[in-house]
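Chain and residue survey
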Amino acid sequence: MISEVTGIRRIRMLYLQLLYRCNFECLHCFHGKRLQHADAFTADEAINLLGLMRDQYGTEAVTLLGGEPFVYRDLTQVVQYAKRDLGLRVEICTNGYRIERRLTEIAPDLDLLRVSLEGIGSTNDHIRKFGSYRSALSALEIAQRLGVRTGATMTVTSRNIEEVLPLARVLQGYGVEQLKLHCLRPVGNAADHPELLIADPAAYTRLRGRLDAADLEIEVIVDADLSEAGAPDSCLPDGGPVEIERIEADPRGALTMSCKAVGKDSHAFWYDKLADHIDHRPSPTDELTLAVPDVVYGRV
């Protein structure tokens, strides 16, 4: 259905939010009150969607998210199926809190562990959870011992923008290969914390300048909307894209294209979990969102 409506024939990566449940209540979480919902993929539903995306859209990689994916009961089963049966590249994005036992179980089938951090020490813990900074670094150490490649994510806020470079250097010391910087959007919990928003867009320009001048070994990928102008509304090629970077499935089955193309669309796609196919339904609340490519600093 996606190809018929949009002309898109290939989707490289599936971002699969397995469940809304999480063991954190981060101040900036875009899920907000949805974390109180019980929506989740069963193992069979997740496996069926993975197979459908690979067979119909040539999907070659999956990023597993939540909520918190390490509290998902069937995580090992989904990871092993994605890697062993489908041959997908498997990445997990996690808060890294007390994940050692399950990480050890899935390590042989995991291509990248990406841990979310919002600064150094108390800066991170204030936004995420007390003790989460040390726990995240411990998870990175364990992943390194297990031979699992690691990355990190950081949402840039007024509280942590000055700690981007210090955090990047700390992560280098833990063998982390890549740091992704995201723009904070006033949705979910962040809507209740406007003090976290960057008031001066020129701060993004200064940050980019510091990153450009820094001698970093770690690769830093910066959201295009971390700029004074923000991301452009649209720069779609004529006829629209034939191939996009990613599509994201939330625990209800809603599919949005937060991919490396551009523009906005008032339509949403839905994965019908019971019928095992993708439908197209117009929705006023779930947009099909497309974004421009990010900027990369440091070693590639």
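For the structure given in this document, a descriptive report is provided here. Note that the structure is predicted; figures quoted are calculated from it, not measured.

**As for unusual backbone geometry**
- Across the junction of Gly66 and Gly67, the peptide omega takes the value 20 degrees, indicating a cis bond.
- With respect to the element layout, Gly67 can be found in the loop between strand E2 (61-65) and helix H3 (75-85).
- In this structure, Arg98 is a non-glycine residue whose phi angle is positive, near 55 degrees.
- Position of Arg98 relative to the elements: it lies in the loop between strand E3 (89-94) and helix H4 (100-106).
- A relative accessible area of 66% means that Arg98 is categorised as exposed.

**Quick notes on the environment of Asp74**
- Inspection of the secondary structure puts Asp74 in the loop between E2 and H3.
- For Asp74 and Leu18, which are 56 residues apart along the polypeptide, the C-alpha to C-alpha distance reads 9.6 Å.
- With residues up to four places along the chain from it excluded, the contact list for Asp74 reads Ala43 and Arg102.

**Comments concerning the pattern of salt bridges**
- Inspection of the entire model under this criterion finds 18 salt bridges.
- Between Glu243 and Arg10 there is a salt bridge, with its nearest N and O atoms 3.4 Å apart. Placement of the pair is Glu243 in strand E8 (residues 243-249) and Arg10 in strand E1 (residues 10-17), with a sequence separation of 233 residues.
- Take Glu243: its relative accessible area is 48%, and that puts it in the partly exposed class.
- Relative accessible area serves as the criterion here: at 26%, Arg10 is assigned to the partly exposed category.
- A salt bridge links Glu91 to Arg89; the nearest nitrogen and oxygen atoms lie 3.5 Å apart.
- In this structure Glu91 comes out as buried when scored by relative accessible area, which is 4%.
- Each of the salt bridges in this network shares a partner with another, and the network as a whole consists of Arg10, Arg12, Glu60, Glu243 and Glu245.

Calculation criteria
Residues numbered from 1 in each chain as written. Predicted model: local features only at pLDDT ≥ 70, side-chain atom pairs only at ≥ 80, totals over all residues. Heavy atoms only, no water. Helix = DSSP H or I, 4+ residues; strand = E, 2+ residues; numbered from the N terminus. Buried < 20%, exposed > 50% of the residue type's maximum accessible area, 1.4 Å probe, protein only. Contact = heavy atoms within 4.5 Å. Salt bridge = Lys/Arg side-chain N within 4 Å of Asp/Glu carboxyl O.

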